[in-house]
Amino acid sequence: MAGVSVQAFRRQGRRFGAGLVCSEMVSCSGLHHGNERTLGYLRIAADEHPLAVQIFGSEPELMAEAAQMVVEAGADIVDINFGCPVRKVTKTGAGATLLDDPDRAERIVAAVAGAVDAPVSVKMRRGLEDGSRACLAVGPRLVEAGAATLTLHPRSAKQMYTGTADHSVTAELVELVDVPVIACGDVTSRARAQAVLASTGAAAVMVGRGAQGNPWVLREIVDGDEPEPTREEVVAELILFIRETVREMGERRASGFLKKFYGWYLGRGRFPRQFKQELVVLATTGEAIDRLLLAAPGAAAVLDRLEDEQPPVDDRLLELPVSIYGGG
Ligand SMILES: Cc1cc2nc3c(=O)[nH]c(=O)nc-3n(C[C@H](O)[C@H](O)[C@H](O)COP(=O)(O)O)c2cc1C
């Protein structure tokens, strides 16, 4: 998820039971032009495998080149974005637009699959317009072109995130292709995951928004564990997330980036609403951490335990230019 699936988020997902996690989407033209921010997305550390890195673009040759770059950076799977509904992306002919241009979509998948040995997967929406069934026409062609799995988020691009994911379309796609299909959309609990798997025959579910500020849902889905953490656990996870994010992108970028996460962690009835308001106006992440520990002093011991369990720092660093590390 763009603006969400940073290293800290992906690591946390794995720690809570996700079998596979994916990077934010990475622009193939950004990689082609050596854009520093884009290259920063290729920061993959030793403890991060298996990892899928998602690329987007509309030119088969550039997508093939990008695929080679992400595999060289350590990606285990190259995922192609045919689902992004955001205008900034679709107006360039990338993302969900490609569902309306199956020839080009097929050429992109063939070029990418031909360029790398790593498995190539595709993530798509159902189509551009409400009720569209484009994914059912395009999906089998993408498999033919070399896609090893398909992930379907069965909303239209027009829907953005409104309405509900119509997994009857996922079930149809499962029938049409002989590769694993991953069902994505509105999976927010174990019961929902089980219902989607049973009704679609999909090989797996993918969880997006449900895991924002709520990694416990992954443990619930995988193991059937109690979904609601204690306040101490929430605060400890949030502080670990803050610290890792600061290490990843530097204090200046992290302090803005993290604000949405405060709401995600502290909402869900876990803390009074004004507590989040208090945190988002603090100038530094250090102050936010102090305030969080004041609200849940018992979190310090939980945090110590979590930090002890983290992989060694050496495994978490990567040889990329210092300016990328520093976030600017
Ligand atoms: C903030 C945000 C960013 C997203 N970025 C991406 C992305 O970069 N690539 C992608 O394939 N899907 C992206 N998605 C879509 C999700 O992967 C997922 O398909 C969608 O949210 C439905 O699943 P959910 O109901 O579990 O959230 C994004 C969604 C959100 C909310």
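Residues numbered from 1 in each chain as written. Predicted model: local features only at pLDDT ≥ 70, side-chain atom pairs only at ≥ 80, totals over all residues. Heavy atoms only, no water.

I'd like a description of the overall build of the chain, backed by residues and values.
Regarding its fold elements, the chain presents 17 helices and seven strands. Relative to the compact-globule value of 20 Å for 328 residues, the chain shows a C-alpha radius of gyration of 20 Å, a close match. Once the C-alpha set of the chain is aligned to its principal axes, its extents read approximately 55 × 45 × 30 Å. Every one of the 328 residues in the chain was classed for burial, and the buried ones make up 51%. As presented, the chain carries roughly 14300 Å² of accessible surface, and 52% of it is formed by carbon and sulfur atoms. (Helix = DSSP H or I, 4+ residues; strand = E, 2+ residues; numbered from the N terminus. Rg over C-alpha atoms; globule rule 2.2 N^0.38 Å. Buried < 20%, exposed > 50% of the residue type's maximum accessible area, 1.4 Å probe, protein only. Areas by Shrake-Rupley, 256 points an atom, 1.4 Å probe, with all protein chains shown as cover.)

I'd like a rundown of the site of the ligand, residues and numbers included.
In the vicinity of the ligand lie 14 residues, with Ala-2, Gln-54, Lys-123, Asp-186 and Arg-209 positioned nearest. Between an oxygen atom of the ligand and a side-chain N or O atom of His-153, the distance comes to 3.5 Å. With respect to the ligand, the backbone of Gly-208 contributes an N or O atom lying 2.9 Å from an oxygen atom. Protein contacts shield 85% of the accessible area of the ligand, which totals 620 Å² for the unbound molecule. Across the shell around the ligand, the residue classes break down as six nonpolar, five polar and three charged. (Near = heavy atom within 4 Å. Polar contact = N/O pair within 3.5 Å; in protein donor to acceptor, adjacent residues only side chain to side chain. Nonpolar A, V, L, I, M, F, W, Y, C, P; charged D, E, K, R; others polar.)

Describe the pairing of strand β5 (residues 149-156), listing the residues and the values that go with them.
The buried count for β5 comes to eight of eight residues, which makes it a mostly enclosed element. Burial of β5 is two-sided: the residues Thr-149, Thr-151, His-153 and Arg-155 facing one way and the residues Leu-150, Leu-152, Pro-154 and Ser-156 facing the other way are all buried. Tracing the backbone out of strand β4 (residues 120-127), into helix α7 (residues 134-145) and back to the parallel element β5 gives a crossover that is right-handed. For β5 and strand β6 (residues 181-184), the ladder comprises three bridges, and the chain directions are parallel. Note on β6: the bridge partner recorded for Leu-150 is Val-181. Handedness of the β5-helix α8 (residues 167-176)-β6 crossover: right-handed. (Right-handed = clockwise from strand over helix to strand, strands pointing away. Pairing = 2+ DSSP bridges.)

Before we move on, could you go through the pattern of salt bridges and cite the residues and values that matter?
What the rule picks out here adds up to 17 salt bridges. Arg-15 is the partner of Glu-237 in a salt bridge, and the nearest nitrogen-oxygen pair spans 2.9 Å. Of this pair, Glu-237 sits in helix α11 (residues 231-257) while Arg-15 is found in helix α1 (residues 7-15), placing the two residues 222 residues apart along the sequence. Among the residues examined, Glu-237 registers a relative accessible area of 4% and is labelled buried. Residue classification places Arg-15 among the partly exposed residues on the basis of a relative accessible area of 29%. Note that Lys-158 is salt-bridged to Glu-129, the shortest N-O span being 3.6 Å. Here Lys-158 is found in the loop between β5 and α8, whereas its partner Glu-129 is found in the loop between β4 and α7, with 29 residues between them in sequence. Lys-158 gets classed as exposed once you look at its relative accessible area, which sits at 57%. Judged by its relative accessible area of 47%, Glu-129 is partly exposed. (Salt bridge = Lys/Arg side-chain N within 4 Å of Asp/Glu carboxyl O.)

Outline the nonpolar core, listing residues and values.
Phe-82, Leu-142, Leu-150 and Leu-266 are the most contacted members of the largest nonpolar core, which has 87 residues in total. The element contributing the most residues to this core is α11, with eleven residues. Within the second largest apolar cluster, five residues are counted, among which are Met-25, Phe-56, Cys-84 and Ala-94. (Core = buried A, V, L, I, M, F, W, Y, C linked by side-chain atoms within 4.5 Å.)

Any details on helix α15 (residues 299-309)? Residues and values, ideally.
Within the sequence span of α15, burial applies to Ala-299, Val-302, Leu-303 and Leu-306. Projected onto a plane normal to the axis of α15, the buried residues spread over an arc of 100° and lie on a single side. Relative to its buried face, α15 has exposed residues pointing more than 90 degrees away, namely Arg-305 and Asp-308. (Arc of directions from axis to C-beta.)

Provide a residue-level description of the side chain of His-153, including the pertinent values.
Tracing the backbone shows His-153 in strand β5. We classify His-153 as buried; its relative accessible area is 6%. Other than its neighbours up to four places away in sequence, His-153 contacts Met-124, Arg-125, Arg-126, Met-160, Tyr-161, Ala-165, Cys-184 and Gly-185. (Contact = heavy atoms within 4.5 Å.)

Please give an account of α7 that cites residues and values.
With twelve residues, α7 should cover 16 Å at 1.5 Å per step; its first-to-last C-alpha distance of 17 Å lies within 8% of that length. The set of residues buried in α7 consists of Ala-134, Cys-135, Leu-136, Val-138, Gly-139, Leu-142, Val-143 and Ala-145. Trailing α7 by a residue or two, Gly-146 shows a phi angle of about 130°, which is positive. (Expected span 1.5 Å × (residues − 1).)

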